[in-house]
Amino acid sequence: MKNALERVCDVIQSDKAALSEECQALIVKDFERKLSEYFDLSSAPQMQVTTDGGSYKVTISFEAERVKKFQVLK
């Protein structure tokens, strides 16, 4: 059985991990706009956020038909 301190830590971590659907949708839209500069997207980006020991693991996935041609400015 978890002690009170462990339960409090769990609650704090779960509160930190909370990312509203509206906030997540805004982030995905920003990614979509930026990714569209480099790729012809065939699907909208998907984002998954998980926590692991107090840090976040963020995974972005999408499908593209091609990579757009661009040049790196020096």
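Above: the structure in question.
Predicted model only: the values in this text are computed from it and were never measured. (Residues numbered from 1 in each chain as written. Predicted model: local features only at pLDDT ≥ 70, side-chain atom pairs only at ≥ 80, totals over all residues. Heavy atoms only, no water.)

A.B. asks: Even after reading the chapter, I still don't get the overall build of the protein chain, so can you show me in this structure?
C.D. replies: For the protein chain, the helix and strand inventory stands at 2 helices and 4 strands. Ordering the α and β elements of the protein chain from the N terminus gives α-α-β-β-β-β. Put simply, the protein chain has 74 residues, and 5% of those count as buried. The long-range share in the protein chain, meaning contacts at least 24 apart out of those at least 6 apart in sequence, stands at 37%. As displayed, the protein chain offers around 6400 Å² of accessible surface, 55% of which is attributable to carbon and sulfur atoms. (Helix = DSSP H or I, 4+ residues; strand = E, 2+ residues; numbered from the N terminus. Buried < 20%, exposed > 50% of the residue type's maximum accessible area, 1.4 Å probe, protein only. Contact = heavy atoms within 4.5 Å. Areas by Shrake-Rupley, 256 points an atom, 1.4 Å probe, with all protein chains shown as cover.)

A.B. asks: How should the packing of aromatic side chains be read in this particular structure?
C.D. replies: What describes a pair of aromatic rings is the distance from one ring centre to the other and the angle between the planes of the rings. Enumeration over the complete set of coordinates arrives at 1 aromatic pair. Judged by centre distance (5.2 Å) and plane angle (65°), the rings of Phe 39 and Phe 62 are edge-to-face. Residue Phe 39 is found in strand E1 (residues 39-41), and its partner Phe 62 is found in the loop between strand E3 (55-61) and strand E4 (64-67); the two are separated by 23 residues along the sequence. A relative accessible area of 23% means that Phe 39 is categorised as partly exposed. (Phe/Tyr/Trp six-rings, centres within 6.5 Å; stacked < 30°, edge-to-face > 60°.)

A.B. asks: Whenever I open this one, the pattern of salt bridges confuses me. Can you help?
C.D. replies: It is possible for side chains of opposite charge to pair when their charged atoms get near one another. Within the structure shown, the criterion is met by 5 salt bridges. With a closest N to O distance of 2.3 Å, Arg 33 and Asp 30 form a salt bridge. Of this pair, Arg 33 and Asp 30 both sit in helix H2 (residues 21-35), 3 residues apart, roughly one helical turn. Arg 33 gets classed as exposed once you look at its relative accessible area, which sits at 54%. By relative accessible area, Asp 30 is classed as partly exposed at 37%. Residue Asp 40 is joined to Arg 66 by a salt bridge in which the shortest nitrogen-to-oxygen separation is 2.6 Å. Of this pair, Asp 40 sits in strand E1 while Arg 66 sits in strand E4, placing them 26 residues apart in sequence. (Salt bridge = Lys/Arg side-chain N within 4 Å of Asp/Glu carboxyl O.)

A.B. asks: What am I meant to see in the pairing of strand E2 (residues 46-52) here?
C.D. replies: Regular strands show a simple pattern: their side chains alternate between the two faces of the sheet. Sheet topology places E2 next to E3; 7 bridges connect them, and they run antiparallel. When the sheet's bridge partners are listed, Gln 48 is paired in E3 with Thr 59. Here E2 hands over to E3 after 2 residues, with Gly 53 in that stretch at a positive phi of 65°. (Pairing = 2+ DSSP bridges.)

A.B. asks: Would you mind going over the environment of Val 28 with me for this structure?
C.D. replies: Along the polypeptide, Val 28 turns up in helix H2. Remark: the alpha-carbon pair of Val 28 and Ala 44, spanning 16 residues in sequence, is separated by 8.3 Å. Not counting the four nearest positions on each side in its chain, Val 28 is found in contact with Pro 45 and Met 47.

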